[in-house]
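# A look at the structure
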Amino acid sequence: MKAMASAPAKMILFGEHSVVYGEPAIAGAVNKRAYVEIKKSYTGKSTLKSYDLNFEVELNTKNKTYNLIKGKPGIIRYILEAFHRVHDHTPITMTLSSEIPIGSGLGSSAAVTVATLAALYRYHNIRFNKKSLAHDAHMVEQAVQGVASPLDTLVSTYGGLVYLSRSKTFEPFKINFNAPFVVGYTTKHGNTGKMVKDVRSLKNRNSKVINPVITSMGHLTNYGKQAILKQDYKKIGELMNINHGFLDVLGVNTVELSRMVYTARECGAIGSKITGAGGGGSIIALCPGKVKEVAEGIAKEDNVLKVNFTKRGVSSKVRM
Ligand SMILES: Nc1ncnc2c1ncn2[C@@H]1O[C@H](COP(=O)(O)OP(=O)(O)OP(=O)(O)O)[C@@H](O)[C@H]1O
Ligand SMILES: C[C@@](O)(CCO)CC(=O)[O-]
Ligand SMILES: [Mg+2]
């Protein structure tokens, strides 16, 4: 018997970091996925292999440790936390493949966590639904990062383009939103846990300055929701540029991210901003009629990923 699951990456349009402090956010699942397979091991040991992320480890799921066989398994802490919460510690072989660049602001940790939990629930024949899975995945991200909003794991579980309200109500957009985005990403990876903690420290040291910025980011996200519903690309782009400025204030911008943001605008994007935790990783650029020019401009010094929104969230099955 083999349990299999996959979950999508995500792209945050508005509200990263401010969502951690209860402000709303808007994010969409995109067509890059993480794939997990789990089957019984007859070697007496549990191993995790990822051919495309080029690492292999021996898992000790009971005490959340691992023995490195090869590579750099940064995503491992999320996987170990998921196993620790669900697995009965019998020997298994897990394989992970990911189309999602790791540490790049596209929610690799959430997609891997959601897919790993779904595969484990299938493997152990544990009943679950999307609501329970999204909650459990959020708890894993919270445990690993110290602080996490439910945004990334909700989007990876349910798919689609969603608005997460201040009261944490999850509102899927009921429109077809196919705005032409280009994603640029650097080889300099980010670490969400560190970035979220750095923002919290900045906020605590300068609360009278940073708190109003976070509140304004919440208002901006609500204006963004109205602009998306009206498919007002010009307004969406303007709000993306303002949101990028706010993320710069929070200290999550870098030289590489700025380079891509401003290159995108020079090549014709009507809006561009950091997406995800920042400190490395990705930007998104809204470029109606200029996708080719913006992609070519970013590709001169960085990497480009062509993505589309997808309604397809987590999927899982068992093969006997
Ligand atoms: N090059 C890398 N190889 C392996 N692991 C990495 C690499 N870069 C980062 N990591 C680790 O992988 C995990 C990626 O999760 P993280 O949440 O930081 O990024 P993400 O989910 O891809 O982006 P975001 O959360 O901003 O959407 C982190 O634990 C990070 O330390
Ligand atoms: C930076 C952040 O807002 C999004 C990371 O993709 C963190 C979170 O929401 O948990
Ligand atoms: Mg993450």
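All of these numbers come straight from a predicted model, not from anything done at the bench. (Residues numbered from 1 in each chain as written. Chains lettered and ligands numbered in written order. Predicted model: local features only at pLDDT ≥ 70, side-chain atom pairs only at ≥ 80, totals over all residues. Heavy atoms only, no water.)

### Observations concerning the site of ligand 2
Lys10, Ile12, Glu16, His17, Val19, Val20, Ala148, Ser149, Asp152, Val196, Gly276 and Ala277 make up every residue found near ligand 2. With respect to ligand 2, the side chain of Lys10 contributes an N or O atom lying 3.0 Å from an oxygen atom. Within the side chain of Ser149, one N or O atom sits 2.6 Å away from an oxygen atom of ligand 2. If ligand 2 stood free it would expose 300 Å²; the protein chains cover 98% of that surface. Here the shell around ligand 2 is built from residues that sort into six nonpolar, three polar and three charged. (Near = heavy atom within 4 Å. Polar contact = N/O pair within 3.5 Å; in protein donor to acceptor, adjacent residues only side chain to side chain. Areas by Shrake-Rupley, 256 points an atom, 1.4 Å probe, with all protein chains shown as cover. Nonpolar A, V, L, I, M, F, W, Y, C, P; charged D, E, K, R; others polar.)

### Looking at the domain arrangement of the protein chain
Looking at the protein chain, the domain boundaries give domain 1 (2-174) and domain 2 (181-307). Taken together, the contact between domain 1 and domain 2 spans 32 residues of the former and 44 residues of the latter. Both faces combined, the contact of domain 1 with domain 2 buries some 3,100 Å², and carbon together with sulfur accounts for 66% of it. Looking only at domain 1, the three residues that lose the most surface to domain 2 are Phe14, His17 and Tyr21, adding up to 24% of its buried area. At the junction of domain 1 and domain 2, the tally comes to two salt bridges. In this structure, Glu171 and Lys225 form a salt bridge, with 2.9 Å as the shortest nitrogen-oxygen distance. On the surface where domain 1 and domain 2 come into contact, there are 12 residue pairs in polar contact (both at pLDDT 80 or more). Secondary structure elements with two or more residues in the side of domain 1 that touches domain 2: β1 (2-14), β2 (25-40) and β7 (161-164). (Domains from an automatic or database assignment. Contact = heavy atoms within 4.5 Å. Buried area = accessible area lost by both parts, 1.4 Å probe. Salt bridge = Lys/Arg side-chain N within 4 Å of Asp/Glu carboxyl O. Helix = DSSP H or I, 4+ residues; strand = E, 2+ residues; numbered from the N terminus.)

### Quick look at the environment of Ala134
Its location among the elements puts Ala134 in helix α3 (residues 130-145). Taking C-alpha positions, Ala134 is 7.1 Å from Val114, a pair spaced 20 residues apart along the chain. Excluding residues that lie within four positions of it along the chain, Ala134 makes contacts with Thr153, Leu154, Thr157 and Tyr158.

### Some remarks on the UniProt feature "domain: GHMP kinase N-terminal" (unreviewed entry) in the protein chain
According to UniProt, the positions carrying the feature "domain: GHMP kinase N-terminal" (unreviewed entry) are residues 77-160. As annotated, residues 77-160 comprises 60% helix and 8% strand, and the C-alpha atoms at either end are separated by 27 Å. (UniProt positions renumbered as here; feature names shortened; annotations may be inferred.)

### A short note on the layout of surface pockets
Of the volumes computed, that of the largest pocket is approximately 730 Å³. Gly103, Ser108, Gly190, Asn191 and Thr192 are, among the 40 residues lining the largest pocket, the residues nearest its centre. Contributing elements (two or more residues each) for the lining of the largest pocket: β1, α1 (76-86), α2 (108-123), α3, α4 (151-158) and α5 (192-205). Here the element with the most residues in the lining of the largest pocket is α5; it accounts for three residues. Of the residues that constitute the lining of the largest pocket, the class distribution is 15 nonpolar, 19 polar and six charged. Built from parts of two domains, the lining of the largest pocket gets at least three residues from each of domain 1 (2-174) and domain 2 (181-307). By volume, the second largest pocket is sized at about 190 Å³. (1 Å grid on protein atoms, 1.4 Å probe; cavity = no way out; pocket = protein on both sides within 12 Å on 5 of 7 lines; lining within 4 Å. Points joined across faces, edges and corners; volume = space filled by probe spheres on them.)

### With respect to the side chain of Ser98
Tracing the backbone through its elements, the reader meets Ser98 in strand β6 (residues 92-98). On the basis of relative accessible area, Ser98 is assigned to the buried category, the value being 10%. A polar contact is formed between the side chain of Ser98 and the backbone nitrogen of Ile100, at a distance of 3.0 Å. Residue contacts for Ser98: discarding those within four places in its chain leaves Arg33, Ala34, Asp52 and Leu53. (Buried < 20%, exposed > 50% of the residue type's maximum accessible area, 1.4 Å probe, protein only.)

### Remarks on the pairing of strand β4 (residues 55-60)
With five bridges joining them, strand β3 (residues 46-50) and β4 adopt antiparallel strand pairing. Considered in β4, the bridge of Lys49 is made with Glu56. A loop of four residues connects β3 with β4, the two strands running antiparallel in sequence, and Asn54 in this loop sits at a positive phi of about 55°. Counting the residues that bridge the hairpin from β4 to strand β5 (residues 65-70) gives four residues, and of these Lys64 lies at a positive phi of roughly 55°. (Pairing = 2+ DSSP bridges.)

### With respect to the packing of aromatic side chains
Evaluation of the coordinates by the stated rule reveals six aromatic pairs. On the basis of an interplanar angle of 45° and a centroid distance of 4.6 Å, the ring pair of Tyr158 and Phe170 is categorised as tilted. Taken together, the residues Tyr158 in helix α4 and Phe170 in strand β8 (residues 170-172) connect sequence positions 12 residues apart. Between the aromatic rings of Phe177 and Phe309, the centroid separation amounts to 6.0 Å while the plane-to-plane angle is 35°, which identifies the pairing as tilted. Of this pair, Phe177 sits in the loop between β8 and β9 (181-185) while Phe309 is found in the loop between β12 (303-305) and β13 (315-319), placing the two residues 132 residues apart along the sequence. Residue Phe177 is classed as buried on the basis of its relative accessible area of 5%. Feature note: the residues Phe177, Phe181, Tyr233 and Phe309 constitute an aromatic cluster, connected by ring pairs. (Phe/Tyr/Trp six-rings, centres within 6.5 Å; stacked < 30°, edge-to-face > 60°.)

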